[in-house]
Every structure is written in structure tokens, then in C-alpha cells.
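Geometric and topological summary
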Amino acid sequence: MRKNKYKIKNAKSVFLIIGTILLFLYTLSLFMPFVWAFSTSFKSFIEFSINPMGFPKKWEISNYSVAFNKLFVDVEGGKVYFDRLLFNSVVYSLLSAIMLCMTPCITAYACSRFKFKIGKIIYMVALVTFFLPIVGSLPSELQLMRTLNLFDSLIGLVILKGHFTGLYFFIFYSAFQGLPRDYEEAAYIDGASRFSVLVKINLPLMKATILAVFILCFVACWNEYTTPMLFLPSFPTASLGLYKFQFSSDQLTSSVPMQMCACFIVILPVLIMFLLFKNQMMGNVAVGGVKG
């Protein structure tokens, strides 16, 4: 009996060691491209040609100032430089993330907390569109925006993002289903309205989930360049500027070190945001407070 326990214990130890090694190698494989890109951004074109994989012998900090000045987008009114691109990205990502987060949140709340027939229909529509996504809708969306005179309008694009379909609807639906109803019932007895219960009780209890979904939506909107390029031609964003930067005909900016500089300039705000809210993004969301 003791021999069997000893063998099982040894097997678990070997499995743990192998798993730790594999996890370490996997983590290393994720960090190595990041380290390579960061070190490459400080190389000159000649040094990168001679030593593409090693660390730079001379750190060219001026690369970032050159990339910053060369990061722009041509529009009808002239050139839009990075300071304006950054402002456009913040406004676009912030408004879009609020709409992408709160629309499924409120819809999921209504479907999960109230029993009405249309709620079941909404849930089935969300379920069907989640497993059978609508493809080829981009031309119709563009035509709709032009017909409603909302093309090249930030407000119009934000309204277009106000839909409840997608994964986040089911995340909010499941979270609201798990909330205790004790607080709600007590509030209704005290004469609170349904809006007050939503704003003062349920949404604060869902704060961690809402913040996590909001950050994910913000990062997704920050990274996309196709939507601003198609729907907002006069409102370019930083991601669109980075997309245009890689096709630059300038010999200086077309080099790999300059490309890496532009990437880090655009990713820096999102990286700072991740460091500030990493606990909300990576931690477990626990909702409680009612003891039986």
C-alpha cells in the first residue's frame, strides 16, 4: 500500500515538473517576440542588417522621435499627425466600448430578471446569431449609413455598434442570473422603482464584470483599423496610422526598426491601461454579499 502511494506521489511530482517546464517554455515563447521587437526598435538600419537578432550596440533613442513625426494619415483636408490620431482613437474607442458594453448588459438584465415573451425571443436571436454569424453585412451597413446621412459620422458609427448580439450578452446574462434577488425584493418593498433597483443595486454588484468587458471592448476598438477606414475616412485613428505607416514609400520609415517604433508608440496607451486594470481583466469575478 505504501509503495503504491509512493509511486503515485512520484508520478504527480514528475507530471508537475514537466508541466512547469512546458509552461515556462510557452511563456518564454510569448515574451521573446516582444523583447526582440523592443530591442530592434532602438537599432539603426545598418545595425539591424548586420545583427538582426541580437541586442543593439548603440541604442538609437532618436528612432522614436522620427517615427512619431512620420506617423500620419493623409485626408482630404491635409495630414493628420499622431497627436490627433491618438485623440481620435481615445474618443472612438471610449464611446464604442461604452456602447458595446452597456447595450448587451442592459438587454441581458431585462431578459434574465423579468419574465416576458419577447425576452425569450431576444435570447433566441442572440443564440442563433452567435452560432450562425451574419457574413457579408458590411456593404449593407455602409449603404444604410449613407442613406441615413450618418456616413463619416462618429456618432453614427457608435450607434451602429449598439447591438446586443455576441458573446458578451451571454456573459452578462449568466452573471445576472447568478445575482441574489434578496436586495431587489427588499428595495421593491421599500418602494424603489425598477430603474432605481437597476442603477443602485444590480449595476454596482456587476461592476467588476462590466469593467472587465469594457476594457476588452476598448482594446478591441483601439486595435481595429478597418472600421474607421471604411466608415470614418475623415476621422483616422492611431491603428489606421500604423496600418498606413507600414506601406510608406519613405526608405527611412520602411525599415524594420522604424516599423517596430511605430508599433510601440501605438501600443503604449493600451499597455498602460492593461497595467492599471490587469486585476480586473485577469482576476476572477466574484459576486456575493448575501448570507443565508
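All values reported here derive from a predicted model rather than from experimental measurement.

1. With respect to the overall build of the protein
- In terms of helices and strands, the protein carries 15 helices and two strands.
- Here the protein holds 292 residues, and the buried ones make up 32% of them.
- Residue pairs at least 24 apart in sequence account for 71% of intrachain contacts in the protein once pairs closer than 6 positions are excluded.
- Total accessible area computed for the protein in this model is approximately 18500 Å², and 69% of it derives from carbon and sulfur atoms.

2. Some thoughts on the nonpolar core
- With 58 residues, the main nonpolar core has Leu71, Tyr92, Phe169, Phe172, Phe176, Ile210 and Val266 as its most contacted residues.
- Per-element accounting of this core gives the leading share, ten residues, to helix 4 (residues 82-113).
- Dropping the residues within four chain positions of it, leucine 71 is found in contact with Val80, Tyr81, Phe82, Leu85, Gly241, Leu242, Phe245, Ala262, Ile265 and Val266.

3. Considerations on the packing of helix 13 (residues 238-245) against helix 14 (residues 256-276)
- Where helix 13 contacts helix 14, the axes come no closer than 10 Å and their chain directions differ by 175°. Compared by their axis directions, helix 13 and helix 14 come out roughly antiparallel. Note on element contacts: helix 14 touches helix 13 through Met258, Gln259, Ala262, Cys263 and Val266, opposite Ala238, Ser239, Leu242 and Phe245.
- Of the residues that constitute the contact of helix 13 with helix 14, the class distribution is seven nonpolar, two polar and no charged.

4. Re the layout of surface pockets
- Reported here for the largest pocket is a volume of approximately 720 Å³.
- Residue lining of the largest pocket: 23 residues in total, with Leu100, Glu141, Leu160, His163 and Thr165 positioned closest to the centre.
- Broken down by secondary-structure element, the contributors of at least two residues to the lining of the largest pocket are helix 4, helix 6 (138-147), helix 7 (154-160), helix 8 (167-177) and helix 12 (226-231).
- Here the residues of the lining of the largest pocket sort into 14 nonpolar, six polar and three charged.
- Taken as a whole, the second largest pocket spans an internal volume of roughly 280 Å³.
- Along its surface, the second largest pocket is lined by Phe31, Phe34, Ile267, Val270, Leu271 and Phe274.
- Those elements giving two or more residues to the lining of the second largest pocket turn out to be helix 1 (2-40) and helix 14.

5. Regarding unusual backbone geometry
- A positive phi is found at asparagine 149, a non-glycine position, where the angle reads about 60°.
- We classify asparagine 149 as exposed; its relative accessible area is 68%.
- The backbone of aspartate 152 sits at a positive phi, close to 60°, despite the residue not being glycine.
- Tracing the backbone through its elements, the reader meets aspartate 152 in the loop between helix 6 and helix 7.

6. Observations concerning the pattern of salt bridges
- Taken as a whole and assessed by the stated rule, the structure comprises two salt bridges.
- Notably, a salt bridge pairs arginine 113 with glutamate 184, separated by 2.4 Å at the nearest N-O pair. Taken together, the residues span a long stretch of sequence, with arginine 113 in helix 4 and glutamate 184 in helix 9 (residues 182-189) at a distance of 71 residues.
- The exposure class of arginine 113 is buried, given its relative accessible area of 7%.
- Residue classification places glutamate 184 among the buried positions, given a relative accessible area of 4%.
- Here lysine 161 ties to glutamate 224 by a salt bridge, and the two come within 3.3 Å at their closest N and O atoms. Separated by 63 residues along the polypeptide, lysine 161 in the loop between helix 7 and helix 8 and glutamate 224 in the loop between helix 11 (207-223) and helix 12 bring together distant segments of the chain.
- According to the relative accessible area criterion, lysine 161 is buried, its value standing at 12%.

7. A short note on the confidence of the model for the protein
- Confidence in the prediction of the protein, expressed as mean pLDDT, is 83, and 90% of residues score 70 or more.
- The least confident element of the protein, judged by mean pLDDT, is helix 15 (residues 278-282) at 64; the most confident is helix 4 at 91.
- Here residues 284-292 is modelled with pLDDT under 50, and outside its nearest four sequence neighbours on either side it reaches nine contacts, counting other chains as well.

Calculation rules
Once a new chain begins, its residue numbering starts again from 1 and follows that chain's sequence as written. This being a predicted model, a pLDDT of at least 70 is required before a residue's local features are given, and a value of 80 or more before pairs of side-chain atoms are given or counted; all residues contribute to the totals for chains, interfaces and linings. Side-chain metrics in this entry use all non-hydrogen atoms of the structure; hydrogen atoms and water are not considered. Going along the chain from the N terminus, every DSSP run of H or I of four or more residues is numbered as a helix, and every run of E of two or more is numbered as a strand. Only protein chains enter the accessibility calculation, which uses a 1.4 Å probe; a residue is then buried when its area is under 20% of its type maximum, exposed when over 50%, and partly exposed in between. Whether two residues are in contact is decided by their heavy atoms, any of which lying within 4.5 Å being enough. Residue exposure ignores everything except the shown protein chains as possible cover, and the areas themselves are Shrake-Rupley values with a 1.4 Å probe. Take the buried residues of types Ala, Val, Leu, Ile, Met, Phe, Trp, Tyr and Cys, join any two whose side-chain atoms come within 4.5 Å, and each joined set is a nonpolar core. Note on definitions: angles span 0 to 180 degrees between N-to-C directions of axes, and those axes are lines fitted to C-alpha atoms, for helices only across the stretch in contact. Any angle that falls under 35 degrees is termed roughly parallel, while one over 145 is termed roughly antiparallel, one within 65 to 115 roughly perpendicular, and all others oblique. Amino acids are sorted into nonpolar (Ala, Val, Leu, Ile, Met, Phe, Trp, Tyr, Cys and Pro), charged (Asp, Glu, Lys and Arg) and polar (every other residue, Gly among them). Think of a 1 Å grid over just the protein atoms. A cavity is a set of points where a 1.4 Å probe fits yet cannot get out, a pocket is an open set with protein on both sides within 12 Å along at least five of seven lines, and lining residues have an atom within 4 Å of a point. Grid points are joined across faces, edges and corners, and a volume is the space filled by probe spheres set on the points. Here, a salt bridge means any Lys or Arg side-chain nitrogen found within 4 Å of an Asp or Glu carboxyl oxygen. As a per-residue quantity, pLDDT reports the predictor's confidence and falls between 0 and 100.

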